[in-house]
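What follows is the residue order along each chain.
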Amino acid sequence: QQQVKQSPQSLIVQKGGIPIINCAYENTAFDYFPWYQQFPGKGPALLIAIRPDVSEKKEGRFTISFNKSAKQFSLHIMDSQPGDSATYFCAASSGAGSYQLTFGKGTKLSVIP
Amino acid sequence: GAVVSQHPSRVICKSGTSVKIECRSLDFQATTMFWYRQFPKQSLMLMATSNEGSKATYEQGVEKDKFLINHASLTLSTLTVTSAHPEDSSFYICSAKLDSGDYGYTFGSGTRLTVV
């Protein structure tokens, strides 16, 4: 049973566009929702994370929108650049459990000049 | 910021030999570390949770005798792939949970294992 569903699988946008990646979760015990960026051959790097007590968080060009009632959260990348081309993973974990991160399946983003 | 150093970044070994991968938290203590395996174009698959001073907890389907995990100190966890076979070839990534403050996770840069 996949507990975090991520879409789309791949995404192509032009430079300056705003790609949006969506995730939905099932486990209401999740209380930490990070987004990771991964380049080929590298480990994931934390982009931004949110907790369920806020509905939006911005860090630079990256914004997380969080809808607790719908159990959904999304990543928006403002003014996307070719250097943003990477695979993005959403994840979720619970501080009440083993702290294990449950990952979405990933979205491969391509930003074309 | 919190940094996890993972070594080696690439390793090629012969079938039947063992390979050790190290994961160190450089500027923080990590009671809990995680080991993941990632196949090409797929997500991270949790292999085991490693707790300092105790036995690792393996996920279902992961052979604990093949993938030996040791977390002997608050800054070091190791994964040893024993009697490696070509099907063990993969990208292995470690992660450490921050013990203090807002709990979060930081990842190592990964190890590309090729078994020939």
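Described in the following lines is the structure provided in the data block. It should be emphasised that the depicted structure is a prediction, and the values quoted were computed from it without experimental measurement. (Residues numbered from 1 in each chain as written. Chains lettered and ligands numbered in written order. Predicted model: local features only at pLDDT ≥ 70, side-chain atom pairs only at ≥ 80, totals over all residues. Heavy atoms only, no water.)

1. As for the pairing of strand β2 (residues 10-13) of chain B
Residues and elements named next belong to chain B.
Logical step 1: Taking every second residue as pointing to the same face, the buried face of β2 carries Val11 and Cys13, while none of Arg10 and Ile12 on the other face is buried.
Logical step 2: With four bridges connecting them, β2 and strand β11 (residues 111-115) associate as parallel partners. The residue bridging Arg10 from the neighbouring strand is Arg112, located in β11. (Buried < 20%, exposed > 50% of the residue type's maximum accessible area, 1.4 Å probe, protein only. Helix = DSSP H or I, 4+ residues; strand = E, 2+ residues; numbered from the N terminus. Pairing = 2+ DSSP bridges.)

2. Brief notes about the state of the cysteines
Logical step 1: In total, this model carries two disulfides over all chains according to the counting rule given.
Logical step 2: One disulfide in the model links Cys23(A) with Cys90(A); its S-S distance is 1.8 Å. Disulfide Cys23(A)-Cys90(A): the torsion about the S-S bond is -95°, which places it as left-handed. Pair noted here: Cys23(A) is in strand β3 (residues 20-25) and Cys90(A) is in strand β9 (residues 86-92), with a separation of 67 residues, a long-range link. Cys90(A) matches Cys23(A) in its accessibility class, with the two residues each being buried.
Logical step 3: With its sulfur 2.0 Å from that of its partner, Cys23(B) forms a disulfide with Cys94(B). Disulfide Cys23(B)-Cys94(B): torsion about the S-S bond near 80°, hence right-handed. With Cys23(B) in strand β3 (residues 19-25) and Cys94(B) in strand β9 (residues 90-97), this pair connects stretches of sequence that are 71 residues apart.
Logical step 4: Judged by its relative accessible area of 0%, Cys23(B) is buried. (Disulfide = S-S within 2.5 Å.)

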